[in-house]
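One-letter residues, chain by chain:
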Amino acid sequence: MAAFNKFRAFVEHLAEGVHNFSSDSTCTLTAALSAAANTPVNTNSVLADLTQISYTNLGSRVIPVSASSQTAGTYTLACTDTVLTASGGSVAAFQFVSIYNDDPTSPADPLIGWYDYGSAVTLADTETFTLDFGASGLFQLA
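Residues numbered from 1 in each chain as written. Predicted model: local features only at pLDDT ≥ 70, side-chain atom pairs only at ≥ 80, totals over all residues. Heavy atoms only, no water.

By secondary structure assignment, the location of threonine 82 is in strand β6 (residues 82-85). Judged by its relative accessible area of 5%, threonine 82 falls in the buried class. Beyond its immediate sequence surroundings of up to four residues, threonine 82 is in contact with Val62, Ile63, Pro64, Phe129, Thr130, Leu131 and Phe133. (Helix = DSSP H or I, 4+ residues; strand = E, 2+ residues; numbered from the N terminus. Buried < 20%, exposed > 50% of the residue type's maximum accessible area, 1.4 Å probe, protein only. Contact = heavy atoms within 4.5 Å.)

Shown next, in the form of structure tokens:
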């Protein structure tokens, strides 16, 4: 599994109440895909800062939040593993998967973090790619 890297602005956005992960109605997490030539950097703060691939032939990129909880001072945002599926043709190569919150309007589409898969991933028609969030969820805060 690729390691989670947080965007710096995510910390500020948490402190300023931009995100509310406790309710599906206020948090639509979505995956943004970028090619190797368009590496995310930790100073990016909103989706508009990223150069994304074309999503032609790609199904839903929404990531369901399955639990938002705190235990012994550690907060965990658990997400359901999400399967990206090529349909109707191939999907452009990507290496990075950035996660953003599609709901806030100020700032619009704030970034949370990204994963680097180490090399290009290409999906042919009907192939799938699973975003596996593991036992520790999308992220933990201690």
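Let us keep going from here.
All right, on to the sheet that holds strand β10 (residues 139-141) then. Strand order across the open sheet formed by 3 strands is β4-β5-β10, with antiparallel pairing between neighbours. Each having just a single partner strand, β4 (65-71) and β10 make up the two edges of the open sheet. Going from strand to strand, the sheet's axes swing by 10 degrees on average, the running direction of each strand aside. By the bridge criterion, 6 bridges tie β4 to strand β5 (residues 74-79) in an arrangement that is antiparallel. In the strand pairing of β5, alanine 67 is matched with alanine 78. (Pairing = 2+ DSSP bridges. Axes fitted to C-alpha atoms, helices over the stretch in contact; angles between N-to-C directions.)

Two numbers describe a pair of aromatic rings. These are the distance of the centres and the angle of the planes. Going through the model one piece at a time under the given rule, you end up with 11 aromatic pairs. Between tyrosine 115 and tyrosine 117 the ring centres are 6.4 Å apart and the planes differ by 35 degrees, which places this aromatic pair in the tilted class. Following the ring pairs from residue to residue traces out a cluster consisting of Phe4, Phe10, Phe21, Tyr75, Phe94, Tyr115, Tyr117, Phe129, Phe133 and Phe139. Over the aromatic face of tyrosine 55 sits the side chain of arginine 61, whose NZ or CZ is 3.6 Å from the ring centroid. (Phe/Tyr/Trp six-rings, centres within 6.5 Å; stacked < 30°, edge-to-face > 60°. Lys NZ or Arg CZ within 6 Å of the ring centre and 35° of its normal.)

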